[in-house]
Amino acid sequence: MEKFGLAQPVRRVEDPRLLKGAGSYTDDIRLPGMAHGVVLRSLHAAAAIRSVDPAAAKAMPGVIAVYVAADLDADGIGTLPCAAKMKNRDGTDQVTPERPVLARTAVHHVGTPVAFVVAETVKQARDAAEAIVVDYDIRPSVTDLASAMEPGQPQVWAEAPRNVCFDWEIGDKAAVEAEFAKAAHITRLTVVNNRIVVNSMEARASLASYDAASGRWTLRTNTQGGWSLKDFLGKDVFKVDPDKFRVITPDVGGGFGMKLFLYPEQVLTCYAARKLGRPVKWTSERAEAFLSDSQGRDNITLGELAVDKDGRFLALRTRNVANMGAYLSNYAPFIPTGAGTGVLAGVYGFKAIYANVIGVFTNTVPVDAYRGAGRPEANYLVERLVDAVARHLKADRAELRRRNMVTPDRMPHRTPVGKVYDSGDFRVVLDHALKTMDWAGFEKRRAEAAKRGKRRGIGMAYYLEATGGAPTERAEIRFAEDGFVDVYVGTQSTGQGHETAYVQLTVDRLGVPGEKVRIRQGDTDTIPEGGGTGGARSLYSEGQAILVTAATVIERGRKAASEALEAAPADIVFEAGRFAIAGTDRGVGIMELAATQRAKAAKGEDATTLDAAEVAEIKAHTFPNGCHIAEVEVDPETGVIALVRYSVTDDFGKAVNPMIVRGQVHGGVAQGFGQAVLERTAYDPSSGQLLSGSLMDYAVPRADDLPDIEVDLVEIPCGTNPLGVKGAGEAGAVGSPPAVINAVVDALSPLGINHVDMPATPEQIWRAVAKAA
C-alpha cells in the first residue's frame, strides 16, 4: 500500500503497457469486413459548388460507395451542432450558420468536406477521391482576423454582416469608467494571441459499425469522453435516441481539447456503416489534420489598466476580437467569452472589470478549446499588461504584482466577473519563485551574457486558472471474479496518467493492493454517464466520485462483515483493507469478503455484495495558480531566442502524485513556449490557402529547444473538495507564453523595444532589432 500511497511519486502504471507496444489506439483496430473511408476536401477557401460528379470515382476498382451532401440530406442527416450560444450586447442571438456534414452549395475554408469515398482499401479510396469532379465558382475569401470586420471585406456568411458572429460583454461598464476617470495612470496594450495547430501525436480516427437487428451503432473513436458525442450524434445528427450509439474510446495519444468535439468524419463513418452493413474506418493523415482538426487561440485583444497614484490596480477594460473560423465548432463561442473572461482578474484585487468580446468569422479552420481554453489568452493579456504598467511607472515588476495581489485574509474572494476564489497565498508562491530563480542576482547574468554578444532577459507571469467541466461525475467499483478491483470512471485519459492517480485514490480508501486495481474507461455502455476530460477537471471531479463510491463500498462491507463475523454493524471497524470487530482480533479482509459475498450471490443465496456506483455532485471548481519565470538569451545578429532557464512554482493544492503533476507542467510549458516562439499559422491572404500546412512549415518544440524545467509545488489546499486538490492539466500552458515574451521584451528593452507579439520568431526579432538600430 505504501507503494501506491497518496502524495507519493508513483511511476505511472499504464506506461509499461504502452511502452511495450501493447496499447490499442483507434487505428490499430481491425474488424471483419471493414472498409476504408477517405474524405474529399475543398481546395478553395471560399467557393460556390456548381456540381459534384462522382461517376468516375464510383467506377474505380474497389470502390463501394461515394456519398455527397444530397445523399445525407435524402436520409435526413442533420448538421453538426454548436452547443454554446451567446447573447449579443443588445440581447439578440449570435449568428449560428448551419454546418453540414458535407458541403451542400458552398465551401467556406480549405479542407471543408465535400464527398466521402468508401473502398476496400485506403489507397483505392484515395485514388477514387481524386477522380471526383467538383465544379467550383471561386469567390474572394478573408483569412486575416485583424481586417475581417472592415468595410468591403468578403462576407463568410450573408447573415453575419461585417463577419461578426457575436458581440458580447460582461462586467460593470459604468463602474469601470468611473474608476478610469479617477485613475492616476492608464496603460494600454494590444496583444496578438496567435492561432495554433494542435498537432496531437495521434491523429483523429473513427471506426463505426452498425447492427441492423438492434438498430445500434458502435463507434470507436479517439475522444476526450464519448458521452457528449453520443448525445450529439443521436439528438442532432441522426435524430434517434442517443442510446442507439455506443461510443468506445480506446487509448488516446493526446487531445489538448481538440478531441472533445464531434467532427464530420465520425458522422460519415456511422452513416456509411448503416448504409453498407459493414464497418467503415477513417483515419486522418497529418496534412489532413492541419486542414480539419479544430485549432486554438487566434485573438487580438486591447487591454487597458487603470492605476492609482500608489500603483494599485483600480480597473481593467478589454476588447477582444476572437476568430471563430468558418463554422462554429461545438463550444467555440464559449471559449473567449465565459471561459476566458472568468480569469481576467487574475490574482489581483481589481475593483471593476469590463470585457467586450467580438466573435468573427473568417475563411479558416474552425477554432475551439485548446489546452487552457480561453484562460491562457486572458492571462497572457493581463500579465503582459502588468509588465507594461511596471515600465510606465518605472516600478519593480515583482513588487507591483505583490502590492496588488489578493491576500489570504480576503478569501473567499469574489472577483468583479463573479468567480469566487476559495484559497491561495499568492505572495508566498511569488516569493518562493523569486528566490528559486535568483531574481535578485539576474543583472550579473545579464552582464555576463552581454560579454558574449547576447542580450539576456528575465520575465515572470503569475497565472490563475479556473478549472471547469460537467457538474457531476460518476464512479463504479466492482470486485471482479478474477480477484481484481475494477474502477469504472467517467473521465478519459489522453496521456495524463489518470490510471495511476485513480489507483492511488482507490488504494488509499479501500486498502486493496494497487496491483489488483484496474481502471476502466471509455465505453458509454459500461459507463452510462461521464463528464469526460477537459478544463483540468479530472482528478478533483472523478476523485470525488471515487471517494463517495468507496465510502458506499465500505458501508456495504460493514454490513456484510457484521453478518460474517456475527456482530452488530456498529461494532465493525474498517482499517487498512480489513473489517474487524472493534477491540478484537477477529476480522476479514475486504478482498476475501467481497469474493465470499459474490460467490453467495452467484448461488442465489442472500448476500451483501460490495459493488457500488455513485454520482458525485461537483459543487465548485478550483483555482490553480502559480508563478512562471523564464530567462532567455537573444542573439541580436540572428534573432534566435534561447530559453536558458525556466522555473515554475505552482499551487495545485494537495498533490496526489507529484511526479505526474510535474510531468503535466512540463508538457504545458513546452506547448506554451511553442506558441510564444515557434508556432505560426500562416494563410495566404489572396487565396486563403494554409501556407504552414505541414511540420516542414509549422515549427513545434523539440527537446533541444527547452532546458530542464524546474517545478516546485507549494501546497495550499483547496477548500471546496475533500481531496484538497486543484486542477493541474492546463496550467503549464497558461503561465508560459507571457513569461517567455516578458523575458524577450526585457532582453530587448535596452534597445528601446517594449513590445513583441507571438510568435517571436527569429525573423520578427531580427527585424525589430534592425529597426531599433
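Residues numbered from 1 in each chain as written. Predicted model: local features only at pLDDT ≥ 70, side-chain atom pairs only at ≥ 80, totals over all residues. Heavy atoms only, no water.

Draft legend 1. Seen up close, the overall build of the protein. When you go through the protein residue by residue, the secondary structure sums to 19 helices and 28 strands. Relative to its length of 773 residues, the protein is compact, with a C-alpha radius of gyration of 28 Å against a globular reference of 28 Å. Its C-alpha atoms give the protein principal-axis dimensions of roughly 85 × 75 × 55 Å. Counting every position in the protein, which comprises 773 residues, the buried fraction comes to 60%. Within the protein, contacts between residues at least 6 apart in sequence are counted, and of these 79% link residues at least 24 apart. (Helix = DSSP H or I, 4+ residues; strand = E, 2+ residues; numbered from the N terminus. Rg over C-alpha atoms; globule rule 2.2 N^0.38 Å. Buried < 20%, exposed > 50% of the residue type's maximum accessible area, 1.4 Å probe, protein only. Contact = heavy atoms within 4.5 Å.)

Draft legend 2. How the structure looks around empty space enclosed by the protein. Taken as a whole and assessed by the stated rule, the structure comprises seven cavities of 30 Å³ or more. A volume near 110 Å³ is recorded for the largest cavity. Lining the largest cavity are 13 residues; nearest its centre among them are Asn320, Pro336, Leu344, Glu377 and Ala378. For the lining of the largest cavity, the elements supplying multiple residues, two or more each, are strand 13 (299-307), strand 14 (313-325), helix 9 (335-341) and helix 10 (375-393). Taken together, the residues of the lining of the largest cavity break down into five nonpolar, seven polar and one charged. Of the pockets and cavities examined, the second largest cavity occupies roughly 100 Å³. Residue lining of the second largest cavity: 15 residues in total, with Arg297, Ile335, Pro336, Val367 and Glu377 positioned closest to the centre. (1 Å grid on protein atoms, 1.4 Å probe; cavity = no way out; pocket = protein on both sides within 12 Å on 5 of 7 lines; lining within 4 Å. Points joined across faces, edges and corners; volume = space filled by probe spheres on them. Nonpolar A, V, L, I, M, F, W, Y, C, P; charged D, E, K, R; others polar.)

Draft legend 3. Looking closely at the sheet that holds strand 26 (residues 625-634). Pairing in this open sheet of four strands is mixed, and the strands run 18-26-27-28 from one edge to the other. Taken across any chain shown, the strands that pair with only one partner, and hence form the sheet edges, are strand 18 (455-464) and strand 28 (709-713). With strand direction ignored, the average angle separating the axes of adjacent strands in the sheet is 15°. Pairing between strand 18 and strand 26: 10 bridges, direction antiparallel. Among the inter-strand pairings, Ala461 is bridged to a residue of strand 26, identified as His628. (Pairing = 2+ DSSP bridges. Axes fitted to C-alpha atoms, helices over the stretch in contact; angles between N-to-C directions.)

Draft legend 4. Representation of the sheet that holds strand 2 (residues 47-53) within the structure. On the basis of which strands lie adjacent, the open sheet formed by three strands has the order 4-2-6 and antiparallel pairing. For this open sheet the edge positions go to strand 4 (106-107) and strand 6 (133-138), each flanked by a neighbour on one side alone. Pairing geometry for strand 2 and strand 4, over two bridges, is antiparallel. Across the sheet, the residue bridging to Ala47 is Val107, located in strand 4.

Draft legend 5. Spatial organisation of the environment of Gln664. Within the secondary structure, Gln664 is located in helix 17 (residues 658-678). Contacts of Gln664, omitting those with residues within four sequence positions, involve Arg371, Gln496, Ala728 and Gly729.

Draft legend 6. Expanded view of the packing of aromatic side chains. A full pass over the atoms with the stated rule returns 15 aromatic pairs. For the ring pair Trp157 and Tyr327, a centre distance of 5.6 Å and an interplane angle of 65° mean the geometry is edge-to-face. Remark: Tyr327 occurs in the loop between strand 14 and helix 9 and Trp157 occurs in the loop between strand 6 and strand 7 (164-171); sequence separation between them is 170 residues. Like Tyr327, Trp157 is buried. An angle of 50° between the planes, with centres 4.8 Å apart, marks the rings of Trp217 and Phe238 as tilted. Of the two residues, Trp217 is situated in strand 10 (residues 216-221) and Phe238 in helix 6 (residues 226-238); the sequence distance between them amounts to 21 residues. Its relative accessible area of 2% is what places Trp217 among the buried residues. The rings of Tyr210, Trp217, Phe238 and Phe245 are connected pair by pair, giving a single aromatic cluster. (Phe/Tyr/Trp six-rings, centres within 6.5 Å; stacked < 30°, edge-to-face > 60°.)

Draft legend 7. Region of the structure containing the environment of Thr491. With respect to the element layout, Thr491 can be found in the loop between strand 20 (485-489) and helix 14 (498-510). As a C-alpha pair, Thr491 and Asp746 span 255 residues in sequence and 41 Å in three-dimensional space. For Thr491, the contacting residues outside a window of four places in its chain are Glu473, His498, Tyr502, Gln521, Gly532, Thr533, Arg537, Ser538 and Glu542. Engagement of the side chain of Thr491 in a polar contact is seen with the side chain of Tyr502, the distance being 2.7 Å. (Polar contact = N/O pair within 3.5 Å; in protein donor to acceptor, adjacent residues only side chain to side chain.)

Draft legend 8. How the structure looks around helix 5 (residues 173-181). Residues of helix 5 that are buried include every one of Val176, Glu179 and Phe180, and no others. Around the axis of helix 5, the buried residues are gathered within 100° of arc, so they sit on the same side. Away from the buried face of helix 5 by more than 90 degrees, exposed residues Ala174 and Ala181 are located. Against strand 8 (185-193), strand 13, strand 14 and strand 15 (352-361) lie the buried residues of helix 5. Capping the start of helix 5 is the job of one residue whose side-chain oxygen sits 3.3 Å from the backbone nitrogen of Ala174: Asp172. (Arc of directions from axis to C-beta.)

Draft legend 9. Inspection of the packing of helix 15 (residues 538-565) against helix 16 (residues 590-602) at higher detail. Two numbers describe how helix 15 lies on helix 16: the axes approach to 10 Å, and their chain directions differ by 75°. By the angle between their directions, the pair helix 15 and helix 16 is classed as roughly perpendicular. Along the contact surface, helix 15 presents Val553, Gly557, Ala560, Ala561 and Ala564, while helix 16 presents Ile590, Leu593 and Gln597. (Parallel < 35°, antiparallel > 145°, perpendicular 65-115°, else oblique.)

Draft legend 10. Just the packing of helix 10 against helix 18 (residues 731-748), in detail. Viewed as axis vectors pointing N to C, helix 10 and helix 18 meet at an angle of 30°, and their least axial separation amounts to 8 Å. Overall, the two elements helix 10 and helix 18 adopt an arrangement that is roughly parallel. Of the two elements, helix 10 crosses helix 18, and the hand of that crossing is right-handed. Where helix 10 approaches helix 18, its residues Arg375, Pro376, Asn379, Tyr380, Glu383, Arg384, Asp387 and Arg391 are matched on the opposing element by Ala733, Val734, Pro737, Pro738, Ile741, Asn742 and Val745. When grouped by side-chain class, the residues that make up the contact of helix 10 with helix 18 number eight nonpolar, two polar and five charged. (Left-handed = near helix turned anticlockwise from the far one by under 90°.)

Draft legend 11. The nonpolar core, seen in detail. The biggest cluster of nonpolar side chains holds 84 residues, and the ones touching the most others in it are Phe313, Tyr348, Phe426, Tyr462, Ile629, Tyr646 and Ile765. With 10 residues, the single largest contributor to this core is helix 18. Every residue in contact with Ile765, bar those within four places of it in the chain, is listed here: Val634, Gly639, Ile641, Val744, Leu748, Val756 and Ala760. Counting 43 residues, the second largest nonpolar core, distinct from the first, contains Val10, Ala560, Ala561 and Ile572. (Core = buried A, V, L, I, M, F, W, Y, C linked by side-chain atoms within 4.5 Å.)

Draft legend 12. Looking closely at unusual backbone geometry. Here the amide bond leading from Met411 into Pro412 is cis, since omega sits at -5°, within 30 degrees of zero. Mapped onto the elements of the fold, Pro412 is located in the loop between helix 11 (397-404) and strand 16 (413-414). Between Met758 and Pro759 the backbone carries a cis peptide bond, its omega angle lying at -10°. Mapped onto the elements, Pro759 comes out in the loop between helix 18 and helix 19 (762-772). Residue Phe256 is not a glycine yet carries a positive backbone phi of 60°. Mapped onto the fold, Phe256 is located in the loop between strand 11 (245-248) and helix 7 (264-276).

Draft legend 13. Quick peek at the pairing of strand 12 (residues 280-283). As paired strands, strand 1 (residues 35-41) and strand 12 are joined by two bridges and run parallel to one another. Looking at strand 12, one finds that His36 is bridged to Lys281. Bridge count between strand 9 (residues 205-211) and strand 12: four bridges; the pairing is antiparallel. Looking at the pairing, Leu207 lines up with Lys281 of strand 12.

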